[in-house]
Amino acid sequence: MFKIPFLDLPPLRAAAGTVRLPGSKSISNRVLLLAGLSEGQTLVHDLLDSDDTAVMLASLKQLGCVLEQVEGGPLKVTGIGAKLQTNAAKLFLGNAGTAMRPLTAALALLAATQGGEFELSGVARMHERPIGDLVDALRGLGCEVACLGNEGYPPLRLSGPSELKLSEPVRVRGDVSSQFLTALLLALPLVAEQDIHIDVVGELISKPYIHITLELLKRFGIEVKREGWQRFTIPAGSRYRSPGEIHVEGDASSASYFVALGAIAATGQPIRIEGVGSASLQGDVRFVEAAEAMGAVVRAEANAVEVKRGAWPLRALDLDCNHIPDAAMTLAVMALYADGPSTLRNIASWRVKETDRIVAMATELRKLGAQVEEGPDWLRVHPLRDWQPAAIHTYDDHRVAMCFSLAAFNGLVTASPVPVRILEPQCVAKTFPDYFETLFEVVSARPEDIPVITIDGPTASGKGTLADVVAHELGYIVLDSGALYRATGLAARRAGVELDEAEAVAAIAAKLDLHFAKGRVWLGDEDITDALREEASGLAASQVAAHAPVRAALNQLQLDFRCLPGLVADGRDMGSMVFPDAPLKVFLTASAATRAERRHKQLISKGIPANIAGLREDLEARDARDKGRTASPLQAAADARRLDNSAQTIEESRDLVLSWWAEARPFKGSALSH
Ligand SMILES: Nc1ncnc2c1ncn2[C@@H]1O[C@H](COP(=O)(O)OP(=O)(O)OP(=O)(O)O)[C@@H](O)[C@H]1O
Ligand SMILES: Nc1ccn([C@H]2C[C@H](O)[C@@H](COP(=O)(O)O)O2)c(=O)n1
């Protein structure tokens, strides 16, 4: 996951490949609650690992459920068998509506029948999300529910015992959020000694989510009877029975970003999305119908879909989105690539989600330059051809972050493509922690559009250290080009090749079986990380690096590191030779005395004996060879910014380079920068 203040997406051009979706949030939290209320054990496969499931799991644990993660396999949930194991708990539910609503209903009923006191709270936004309709329904049943802040909003206190009135139908509004009805359906089997009727007041929205609830209840032994979408009956004697094992489908709302990706950018091979398909329980799979209406070519299997671009530009759309409330946000960004204005209707529920999504989408689309109109329950988005580089505020809303990533394809409709900055990208942790990593695996950009920062300089000036900390802040990849020369020297020695035999060493460089993984460097099956850092490897590297054929042999390998979302490359000729078009080049120096001292400290801390005078002599000799060679000598590129860090801390150098980077990016001005 990118835990950084912002993530810059360079202009993207194409998409192809396979995506495996994380588990559905809606199904994961429903299954967890049902397994937690059941007697016995349930093995839950493919559970979503995210912020919203984490708060549900933490709550179940507090309530006495036993949770055991089978190594690399399912989660084993031992439920409480509908019997309270504790009669007091304070549960923190973050911003997870799928945890807050059903736990409120379940604990209100358990407190009423078995006694107890439970407090449920969340983040500030959760305390602004209405829950009054559910509170009213529970109070109507005889439960004691207190709103501890504003009436009709969390935090809540649920207490008991109290007498339940189950003979009259429970009435609940269905026109604000279907989660209130879901909450009652999931919880009322706890007290179903007689038939319990639920009457929905108003037109029920988001019916597909109720379908999921009913299907999952069935898997746990509860057959709810339904009369249209107005009356639901939980039969007397209903008891949660664990199915033993259950698989969570991929998240259909998360699939929407990749369906859209296929429709926009899969012009050759399709995007294949695994985890949802025609057999899916989730209503949001019907997003593919909307994508098809906009021109996507879709091939569906039971548990997968493949999507390619069809019509281009996309066809404008006018759609009632009530059946796909979450996925419909994706359509708002697709509309930028359409042949006319698109209107999304019946989306009032967007206003009570993680943020007011109608306001959020309209505001952020306008930052890109789009013309947007909005009403109480609708949004109209006009196609965009004159794009502005924008820093997209994400409102702690995972879906805003994910759907705006699609704006990075603007180069497909404009001759002047712009990058897109996603602020606080870690908000995707709510449902899809690895969203951006997954996206980068299936999209491509022109190499020249992928940003590179080069950091060149003499040995021990701190290039590698600075490259690592700058890359960390930006979420970029690091190229330690010196490691390639060091590995070449090591491999040549091992092969018995003299280091001054240019062609023979170049042949070895061309066939290096080198891998970088989790901060380690592998030559074939051998971890050579520590061997590479020995002073002897540095000297050997400096010798082999003087040969033009060796440099030529390693050139493509270095260019291949230019990957999404960006690169920080350190070495001697990164700015002058390998990445001459880098938008920021740094030439890093420090006095020889400082560098010798730093190297000395570095070696001593690793338990390697060293003497400062000898080290200084060695590094000056190495500098002289690196500067004096004819092939790509160590020198500052003409357009490099010079930085002498002799008197700076690592953090000071990092912040200075990041400020230079901010100047080099198009996100200037307070409205657009972070
Ligand atoms: N201000 C500073 N900036 C960078 N590194 C510093 C700074 N102060 C101390 N150091 C330390 O200097 C040592 C050498 O840094 P580093 O290994 O990054 O240099 P390098 O230029 O990449 O060396 P080489 O060219 O040999 O790979 C490290 O132990 C690092 O922590
Ligand atoms: N781009 C590069 C990187 C490194 N070298 C040579 C010169 C150095 O002395 C040697 C080891 O580099 P280090 O790991 O210390 O950065 O490799 C080069 O010529 N060009």
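S.K.: Before we go on, may I ask you to explain the overall build of the protein chain in this structure?
M.R.: Scanning the protein chain from terminus to terminus reveals 22 helices and 33 strands. Its C-alpha atoms give the protein chain principal-axis dimensions of about 95 × 60 × 45 Å. The proportion of buried residues among the 674 residues of the protein chain is 58%. Taking all contacts inside the protein chain whose residues are at least 6 apart in sequence as the whole, residues at least 24 apart take part in 76%. With the model as given, the accessible surface of the protein chain reaches about 25700 Å², and the carbon-plus-sulfur share is 50%. Here the protein chain carries 70 positive and 84 negative side-chain charges, and the mean point of each set is 1 Å from the other.

S.K.: What am I meant to see in the site of ligand 2 here?
M.R.: Around ligand 2 sit 16 residues, and of these Arg486, Arg572, Arg622, Asp626 and Arg629 come closest. In this structure, Arg622 approaches ligand 2 through a side-chain N or O atom, which is 2.8 Å from an oxygen atom. In isolation ligand 2 has 450 Å² of accessible area, and contact with the protein removes 98% of it. Ranked by residue count, the leading element in the shell around ligand 2 is helix α14 (residues 481-494), at 4 residues. When grouped by side-chain class, the residues that make up the shell around ligand 2 number 4 nonpolar, 4 polar and 8 charged.

S.K.: I keep staring at the pairing of strand β1 (residues 6-9) and nothing clicks. Help me out?
M.R.: Regular strands place their side chains on alternate faces of the sheet. Neither face of β1 is exposed, since Phe6 and Asp8 on one face and Leu7 and Leu9 on the opposite face are all buried. As paired strands, β1 and strand β24 (residues 420-423) are joined by 4 bridges and run antiparallel to one another. Paired with Leu7 across the strands is Ile422, a residue of β24.

S.K.: I keep staring at the pairing of strand β18 (residues 304-308) and nothing clicks. Help me out?
M.R.: Burial analysis of β18 places 4 of its 5 residues in the buried class, the great majority of the element. Across 4 bridges, strand β16 (residues 271-274) lies against β18 in antiparallel orientation. Each residue of the ladder has a partner; that of Ile271, found in β18, is Val307. Direction of pairing for strand β17 (residues 297-300) relative to β18: antiparallel, over a ladder of 4 bridges.

S.K.: Whenever I open this one, the site of ligand 1 confuses me. Can you help?
M.R.: Around ligand 1 sit 18 residues, and of these Lys463, Gly464, Thr465, Arg599 and Gln648 come closest. Contact distances for ligand 1 include 2.2 Å between an oxygen atom and a side-chain N or O atom of Arg599. Burial of ligand 1 by the surrounding chains reaches 83%, relative to a free accessible area of 640 Å². Elements that contribute at least two residues to the shell around ligand 1 include exactly α13 (463-474) and α20 (592-605). A class-by-class count of the residues in the shell around ligand 1 yields 3 nonpolar, 9 polar and 6 charged.

S.K.: Would you take a moment to explain the pattern of salt bridges for this structure?
M.R.: In a structure, side chains of opposite charge can pair up when their charged atoms sit close to one another. Enumeration according to the criterion identifies 42 salt bridges in this entry. Of the charged contacts in the structure, one is a salt bridge between Lys430 and Asp52, with a shortest N-O distance of 2.5 Å. With Lys430 in the loop between β24 and α12 (435-442) and Asp52 in helix α2 (residues 51-62), this residue pair connects regions lying 378 residues apart in the sequence. The pair Lys430 / Asp52 is uniform in exposure class, with both members buried. The shortest N-O distance in the salt bridge between Glu151 and Arg139 comes to 2.7 Å. Of the two residues, Glu151 is situated in the loop between β9 (144-147) and β10 (156-160) and Arg139 in helix α4 (residues 132-141); the sequence distance between them amounts to 12 residues. Given a relative accessible area of 51%, Glu151 falls into the exposed group. Relative accessible area serves as the criterion here: at 30%, Arg139 is assigned to the partly exposed category. Linked through salt bridges whose partners overlap, the residues forming this network are Lys25, Asp52, Asp326, Lys353, Glu354, Arg357, Asp397, Arg399 and Lys430.

S.K.: Explain the packing of aromatic side chains here, please?
M.R.: Aromatic ring pairs are reported here in terms of the distance separating the ring centres and the angle at which the planes meet. Inspection of the entire model under this criterion finds 12 aromatic pairs. A centroid spacing of 5.9 Å and a plane angle of 80° characterise the contact between Phe2 and Phe440, whose relative ring orientation is edge-to-face. Residue Phe2 is found in the segment before β1, and its partner Phe440 is found in helix α12; the two are separated by 438 residues along the sequence. For Phe440, a relative accessible area of 13% translates into the label buried. An aromatic cluster is present here, built from Phe2, Tyr257, Phe258, Phe432, Tyr435, Phe436 and Phe440 joined pairwise through their rings. Here the basic side chain of Arg309 rests over the ring of Trp312, its NZ or CZ set 3.9 Å away from the ring centre. In this structure, Arg421 packs its charged tip against the face of Phe6, placed 3.7 Å from the ring centre.

S.K.: Explanation requested: the domain arrangement of the protein chain in the structure shown.
M.R.: Many analyses report the size of an interface as the accessible area lost when the parts associate. The domain architecture assigned to the protein chain consists of domain 1 (6-22 + 250-445), domain 2 (25-247), domain 3 (450-476 + 565-674) and domain 4 (481-560). For domain 1 versus domain 3, the distance between C-alpha centres works out to 38 Å. On the side of domain 3, 11 residues touch domain 1, which itself brings 14 residues to the contact. Connecting domain 1 to domain 3 are 1 salt bridge. Breaking the side of domain 1 that touches domain 3 down by element, the ones donating at least two residues are β1, β23 (390-392) and β24. When grouped by side-chain class, the residues that make up the side of domain 1 that touches domain 3 number 11 nonpolar, no polar and 3 charged.

S.K.: I tried to follow the packing of helix α5 (residues 179-187) against helix α6 (residues 207-219) on my own but got confused; where do I start?
M.R.: The angle between the axes and the distance between the axes are what describe a pair of packed helices. Two elements in contact, α5 and α6, have axes whose closest approach is 10 Å; the angle formed by their N-to-C orientations is 10°. Regarding the angle of α5 to α6, the classification is roughly parallel. Across the interface between the two elements, Leu181, Thr182, Leu185 and Leu186 of α5 pack against Tyr209, Ile210, Thr213, Leu214 and Leu217 of α6. Classifying every residue of the contact of α5 with α6 by side-chain character gives 7 nonpolar, 2 polar and no charged.

S.K.: What's the story with the side chain of Thr343 in this structure? I'm lost.
M.R.: Counting through the fold element by element, Thr343 comes out in strand β20 (residues 342-345). Filtering out sequence-adjacent residues up to four positions away, Thr343 remains in contact with Leu317, Asp318, Leu319, Leu379 and Arg380.

S.K.: Could you clarify how one ought to interpret the sheet that holds β23 in this entry?
M.R.: Strand pairing in a sheet relies on backbone hydrogen bonds. The paired strands run either parallel or antiparallel. Taken in spatial order, the 3 strands line up as β1-β24-β23 in an open sheet, and their pairing is mixed. The sheet is open, and its two borders are formed by β1 and β23, each paired with just one other strand. Across the sheet, the mean angle separating the axes of adjacent strands is 25° when strand polarity is ignored. In the sheet, β23 pairs with β24 via 3 bridges, with the strands oriented parallel. Along β24, the bridge assignment pairs Ala391 with Arg421.

S.K.: Help me out: how do you make sense of the packing of α14 against helix α18 (residues 548-559) in this one?
M.R.: Remark: α14 packs on α18, axes separated minimally by 11 Å, with the N-to-C direction vectors making an angle of 135°. What the angle tells us is that α14 and α18 run oblique. Remark: the crossing between α14 and α18 carries right-handed chirality. Residue-level contacts link Ser481, Leu484, Tyr485 and Thr488 of α14 to Val550, Arg551, Leu554, Leu557 and Gln558 of α18.

Calculation notes
- Residues numbered from 1 in each chain as written.
- Chains lettered and ligands numbered in written order.
- Predicted model: local features only at pLDDT ≥ 70, side-chain atom pairs only at ≥ 80, totals over all residues.
- Heavy atoms only, no water.
- Helix = DSSP H or I, 4+ residues; strand = E, 2+ residues; numbered from the N terminus.
- Buried < 20%, exposed > 50% of the residue type's maximum accessible area, 1.4 Å probe, protein only.
- Contact = heavy atoms within 4.5 Å.
- Areas by Shrake-Rupley, 256 points an atom, 1.4 Å probe, with all protein chains shown as cover.
- Lys, Arg positive; Asp, Glu negative; His and termini not counted.
- Charge placed at Lys NZ, Arg CZ, Asp CG, Glu CD.
- Near = heavy atom within 4 Å.
- Polar contact = N/O pair within 3.5 Å; in protein donor to acceptor, adjacent residues only side chain to side chain.
- Nonpolar A, V, L, I, M, F, W, Y, C, P; charged D, E, K, R; others polar.
- Pairing = 2+ DSSP bridges.
- Salt bridge = Lys/Arg side-chain N within 4 Å of Asp/Glu carboxyl O.
- Phe/Tyr/Trp six-rings, centres within 6.5 Å; stacked < 30°, edge-to-face > 60°.
- Lys NZ or Arg CZ within 6 Å of the ring centre and 35° of its normal.
- Domains from an automatic or database assignment.
- Axes fitted to C-alpha atoms, helices over the stretch in contact; angles between N-to-C directions.
- Parallel < 35°, antiparallel > 145°, perpendicular 65-115°, else oblique.
- Left-handed = near helix turned anticlockwise from the far one by under 90°.

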